Amino acid sequence: MLYFFQQVLNGLHIGAIYALLAFGYALINGVLHRTNLAHGAIFAFSGQTMILVAVYGWQMLWLTLPATIAVAIIAALAYAALIGMVLSRNVFEPLAGRSPNTIVAATLGVSIVLMELSRIAADTHDFWLPPLLSTPIVFTQGGGYQVTLTVMQLLNCLLILATLAVAGLILARSHFGREWRAVSDDPAAAALCGVDATRVFRATVLVGAVTAALAGILAALYFGNIGFGSGLVFGLKILFVTAIGGYHAPTRAALGAFAFGIAESLWSGYFPIEWRDAWMFALLAAVLVLRMAGQETQKTAQP
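What counts and what doesn't
As a convention, each chain's residues are numbered from 1 in the sequence order in which they are written. Local features in this predicted model are restricted to residues of pLDDT 70 or higher, and side-chain atom pairs are both shown and tallied only at a pLDDT of 80 or more, whereas totals for entire chains, interfaces and linings draw on every residue. Side-chain measures were taken over the full set of non-hydrogen atoms in the model, leaving aside hydrogen atoms and water. Only DSSP runs of H or I reaching four residues or more are called helices, and only runs of E reaching two or more are called strands; each is numbered from the N terminus. Note that the radius of gyration is over C-alpha atoms, with the globule rule given as 2.2 Å times the number of residues to the power 0.38. The buried label goes to any residue with under 20% of its type's maximum accessible area, the exposed label to any with over 50%, and the partly exposed label to all in between, with areas taken from a 1.4 Å probe on protein chains only. By the convention used here, residues are in contact when the closest approach between their heavy atoms is within 4.5 Å. Shrake-Rupley sampling with a 1.4 Å probe provides the accessible areas, and residues are treated as covered by the protein chains on show and by no other component. The charge count treats Lys and Arg as positive and Asp and Glu as negative. His and the chain ends do not count. A single reference atom marks each charge: NZ on Lys, CZ on Arg, CG on Asp, CD on Glu. Patch definition: residues above 30% relative accessible area lacking any salt bridge, with like charges linked at up to 9 Å and the nonpolar side chains Val, Leu, Ile, Met, Phe, Trp and Tyr linked at up to 5 Å. Definition used for salt bridges: Asp or Glu carboxyl oxygen within 4 Å of a side-chain nitrogen of Lys or Arg. The aromatic pairing rule takes the rings of Phe, Tyr and Trp, using the six-membered ring of Trp, and pairs them if the centres are within 6.5 Å, calling planes under 30 degrees apart stacked, those over 60 edge-to-face and the rest tilted. A helix is expected to reach a length of 1.5 Å times the quantity of its residues less one. The set of buried Ala, Val, Leu, Ile, Met, Phe, Trp, Tyr and Cys residues whose side-chain atoms join them within 4.5 Å is what this entry labels a nonpolar core. Think of each axis as a best-fit line through the C-alpha atoms, taken over the contacting stretch in the case of a helix, with angles from 0 to 180 degrees between the N-to-C directions. Any angle between 65 and 115 degrees counts as roughly perpendicular, while under 35 counts as roughly parallel, over 145 as roughly antiparallel, and the rest as oblique. Following the grouping adopted for this structure description, the nonpolar residues are Ala, Val, Leu, Ile, Met, Phe, Trp, Tyr, Cys and Pro, the charged ones are Asp, Glu, Lys and Arg, and the polar ones are all others, Gly among them.

Asker: Which residues make up the overall build of the chain, and what are the values?
Answerer: Per the secondary structure count, the chain includes 11 helices and two strands. Listing every helix and strand of the chain by position from the N terminus yields α-α-α-α-β-β-α-α-α-α-α-α-α. Computed over the C-alpha atoms, the radius of gyration of the chain is 20 Å, within 12% of the 19 Å expected from 2.2 N^0.38 for a compact globule of 303 residues. Considering only C-alpha atoms, the chain reaches an extent of 65 × 50 × 35 Å along its principal axes. The buried share among the 303 residues of the chain stands at 46%. For the chain, long-range pairs separated by at least 24 residues make up 75% of all intrachain contacts whose partners lie at least 6 apart in sequence. Here the chain has roughly 14,800 Å² of accessible surface; of this, 70% comes from carbon and sulfur atoms. Charged side chains in the chain number 14 positive and 12 negative. The centres of these two groups are separated by 8 Å.

Below, the structure written as structure tokens:
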């Protein structure tokens, strides 16, 4: 039971990161209604940017470690905001009314560009952050076995929980939340009712990009490194993970992604880890097919 408890605690951390990613993806998908493969690339690019800026600040500017991390986080968030603005104005808006495959191809191109920019900026080298706040916190123990989380894992989980709680409250009760739901349901009707659909669309893409960046930053702070090619992997994974909770309900998408993170951790603890991604992708594909089949059945049953 202690080993099982440890795997569940490990799943809390990766599940929280998945939840933040899924929330941002569903937020954008609610107004875009198209597959967005660039979301995972923003996650990886922001984490990589944070690491590169931290290395530069430490080695070239001789900053203290707290100042280095602070400057790196601010730079990564600024880059993510810039990417979000460029995506909304120059990619999503011109292509949103065309074939869904157009957005898929465009965001795949954006993902490749961001991955290559990270690789070129790092000169194809992997830079690592030192272990940060790695002191273990013991939750329970017995028989010489301790169930722990590090301080960084616990802080990441608390920060993500607070972020999702505030964001969910804003969506549920704020003026922006009502406008987002209106644009998500029918942007033309929302515009006829006085809602600036373009402003809501741009703000949504910007917030979604920043949430992806925050997830990438927190992952980089904990793991110490994010690979150049992980953007496409996370982009595909979060596309399927979001299907568990629903593409148009950010809070439910976050809860579904959180559950998937715990399931992934349990697989890693009890089954061969080299087969983890293959089986998890198979599970996600099955969930997506069943959800789509259920939606088609509901549409057919409607008078």
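Asker: With reference to specific residues and values, describe the environment of Val 289.
Answerer: Along the polypeptide, Val 289 turns up in helix H11 (residues 276–301). Under the relative-accessibility criterion, Val 289 is labelled exposed at 55%. Sequence spacing of Val 289 and Ala 243 is 46 residues, and the spatial spacing of their C-alpha atoms is 9.5 Å.

Asker: Provide a residue-level description of a nonpolar patch on the surface, including the pertinent values.
Answerer: Together, Met 1, Tyr 3, Phe 4, Tyr 145, Tyr 270 and Phe 271 give the surface a local cluster of nonpolar side chains, amounting to about 660 Å² of exposed area. You can see Met 1 is positioned in the segment before helix H1 (2–32). The exposure class of Met 1 is exposed, given its relative accessible area of 79%.

Asker: Run through the packing of aromatic side chains, naming residues and quoting values.
Answerer: Applying the stated criterion across every chain yields a total of eight aromatic pairs. Centroid distance Tyr 18 to Phe 234: 6.4 Å. Interplanar angle 55 degrees. Geometry classified as tilted. Here the residue Tyr 18 occupies a position in helix H1, and Phe 234 occupies one in helix H9 (residues 230–245), the gap between them amounting to 216 residues. Here Tyr 18 matches Phe 234 in class, with each residue buried. Ring plane angle 70 degrees and centroid distance 4.8 Å describe the contact between Tyr 222 and Phe 223, whose orientation is recorded as edge-to-face.

Asker: An account of H1 is requested, with residue identities and associated values reported.
Answerer: Taking 1.5 Å of rise per residue, 31 residues should cover 45 Å, and H1 covers 44 Å from first to last C-alpha, within 8% of that figure. Just downstream of H1, His 33 is the residue with a positive phi angle, here 55 degrees.

Asker: So what's going on with the nonpolar core? Which residues, and what values?
Answerer: Ranked by size, the top nonpolar core spans 79 residues in total, and within it Ile 42, Phe 43, Met 50, Leu 87, Phe 92 and Leu 221 carry the most contacts. Per element, the largest residue contribution to this core is 15 residues, and it comes from H1. Apart from residues lying up to four places away in sequence, Phe 43 is in contact with Ile 17, Leu 21, Ala 212, Ala 215, Gly 216, Ala 219, Ile 226 and Phe 234.

Asker: Break down the pattern of salt bridges for me, with residues and values.
Answerer: Side-chain pairs of opposite charge can arise where the charged atoms are in close proximity. As enumerated under the stated definition, the model contains four salt bridges in all. As a salt-bridge pair, Arg 199 and Glu 179 come within 2.7 Å of each other at their nearest N and O atoms. Of this pair, Arg 199 sits in helix H8 (residues 197–223) while Glu 179 sits in helix H6 (residues 175–185), and the two are 20 residues apart along the sequence. Where Glu 264 meets Lys 237, a salt bridge forms, and the shortest distance between an N and an O atom there is 3.1 Å. Linking Glu 264 in helix H10 (residues 250–270) with Lys 237 in helix H9, this pair joins segments that are 27 residues apart in sequence.

Asker: Quick one: what's the story with the packing of helix H5 (residues 151–173) against H8, residue by residue and with numbers?
Answerer: The geometry of H5 relative to H8 is characterised by a closest axis approach of 10 Å and an angle of 170 degrees between their N-to-C directions. When the interaxial angle is binned, H5 and H8 end up roughly antiparallel. Of the residues in H8, those touching H5 at Met 152, Gln 153, Asn 156, Leu 159, Ile 160 and Thr 163 are Leu 214, Leu 218, Leu 221 and Tyr 222. A per-class count over the contact of H5 with H8 returns seven nonpolar, three polar and no charged.

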